[in-house]
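Now for the letters of each chain:
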Amino acid sequence: MCRILISLVAAWLLSVSMVASAQNVSREEIRGLDEQIQDVKQDVIGLTSELNRLEEKLLYPSNTEAAFFVSLPDSNEFSLESVEVKLDNQVVAHHLYTYREIEALQQGGVQRIHTANVQTGAHTLEVSYFGKSKSGKEYRASASYSVDKAVGPKFVEIQIAGTQSAINFKDW
């Protein structure tokens, strides 16, 4: 992909230098060249997007995919600082939240914290978090959940209740 971009940029630079060296080039020809370059850019962006989708399908086939999401239901008084996720006693995700991420979660957003290929069967999901109330009081909690993975994708929402020091799990 990088080679394609480098080739396109090199071709563009060559054409610009040729245009600059030609003294009888009209403005219309330059505009036409600019339009062609913009079309090539759009094609490259489209190809990159398609490659990313194909890569995700290849890395996470739907029959083995397990995805875990974090949400903050009803927690306007709570600011999430960090979350750690363990799957089968291995840390698979640790996230420190920015102000914008916290704001999005408080407004009902959901964050995909981890996606993995998981074999069918039971797996232990352990989640711990740290956060603060608006008054500055610190909250920490941990919880475990048994993820029963069948053939097909598995989605689990991790609901952090904040000031109630509770973590709830919801299968989708």
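Residues numbered from 1 in each chain as written. Predicted model: local features only at pLDDT ≥ 70, side-chain atom pairs only at ≥ 80, totals over all residues. Heavy atoms only, no water.

### Re the overall build of the protein
Here is step 1 of the chain: Each helix and strand in the protein was counted, giving three helices and eight strands.
Here is step 2 of the chain: Traced from its N-terminal end to its C-terminal end, the protein shows the element sequence α-α-β-β-β-α-β-β-β-β-β.
Here is step 3 of the chain: By the burial criterion, 30% of the 172 residues in the protein qualify as buried.
Here is step 4 of the chain: Contacts in the protein between residues far apart in sequence, at least 24 positions, make up 66% of those at least 6 positions apart.
Here is step 5 of the chain: Carbon and sulfur atoms make up 52% of the accessible area of the protein, which totals about 11400 Å². (Helix = DSSP H or I, 4+ residues; strand = E, 2+ residues; numbered from the N terminus. Buried < 20%, exposed > 50% of the residue type's maximum accessible area, 1.4 Å probe, protein only. Contact = heavy atoms within 4.5 Å. Areas by Shrake-Rupley, 256 points an atom, 1.4 Å probe, with all protein chains shown as cover.)

### Comments concerning the sheet that holds strand β2 (residues 78-87)
Here is step 1 of the chain: Sheet architecture is open: four strands sit in the order β3-β2-β5-β6, paired in antiparallel fashion. Of all strands in the sheet, those bounded by a partner on one side alone are β3 (90-96) and β6 (138-149). For this sheet the average axis-to-axis angle between neighbouring strands, irrespective of direction, equals 20°.
Here is step 2 of the chain: Bridge count between β2 and strand β5 (residues 121-133): nine bridges; the pairing is antiparallel. Pairing of L87 across the sheet is with L125, part of β5. (Pairing = 2+ DSSP bridges. Axes fitted to C-alpha atoms, helices over the stretch in contact; angles between N-to-C directions.)

### Quick word on the sheet that holds strand β8 (residues 167-171)
Sheet strands associate in pairs through backbone hydrogen bonding, adopting either a parallel or an antiparallel arrangement.
Here is step 1 of the chain: The mixed open sheet is built from four strands, whose spatial order is β4-β1-β7-β8. For this open sheet the edge positions go to β4 (110-117) and β8, each flanked by a neighbour on one side alone. Shown here is a sheet whose adjacent strand axes are inclined to one another by a mean of 20°, direction ignored.
Here is step 2 of the chain: Examined bridge by bridge, strand β1 (residues 65-71) and strand β7 (residues 154-160) share six bridges and lie parallel to one another. Looking at the pairing, A67 lines up with F155 of β7.

### Details of the pattern of salt bridges
Here is step 1 of the chain: All told, the structure shown has two salt bridges when counted by the stated rule.
Here is step 2 of the chain: For E50, the salt bridge identified is with R53, shortest N-O distance 2.6 Å. With E50 and R53 both in helix α2 (residues 27-59), this residue pair falls three residues apart, about one helical turn.
Here is step 3 of the chain: In this structure E50 comes out as partly exposed when scored by relative accessible area, which is 35%.
Here is step 4 of the chain: Judged by its relative accessible area of 46%, R53 falls in the partly exposed class.
Here is step 5 of the chain: Between K154 and D171 there is a salt bridge, and its shortest N-O distance comes to 3.4 Å. Pair noted here: K154 is in strand β7 and D171 is in strand β8, with a separation of 17 residues, a long-range link. (Salt bridge = Lys/Arg side-chain N within 4 Å of Asp/Glu carboxyl O.)

### Thoughts on a negative patch on the surface
Here is step 1 of the chain: On the surface, D34, E35, D39 and D43 cluster together to form a negatively charged patch.
Here is step 2 of the chain: Its location among the elements puts D43 in helix α2. (Patch = residues over 30% accessible without salt bridge, like charges linked within 9 Å, V, L, I, M, F, W, Y side chains within 5 Å. Lys, Arg positive; Asp, Glu negative; His and termini not counted. Charge placed at Lys NZ, Arg CZ, Asp CG, Glu CD.)

### As for the nonpolar core
Here is step 1 of the chain: Residues F68, L80, V83, L125, Y129, I158 and I160 are the most contacted members of the largest nonpolar core, which totals 28 residues.
Here is step 2 of the chain: Elements with a contribution of two residues or more to this core: β1, β2, α3 (99-106), β4, β5, β6, β7 and β8.
Here is step 3 of the chain: In terms of residue count, the dominant contributor to this core is β2 (five residues).
Here is step 4 of the chain: Beyond its immediate chain neighbours, meaning those up to four positions away, L80 contacts V70, L72, Y97, I102, L105, Y129, F130, G131 and I160. (Core = buried A, V, L, I, M, F, W, Y, C linked by side-chain atoms within 4.5 Å.)

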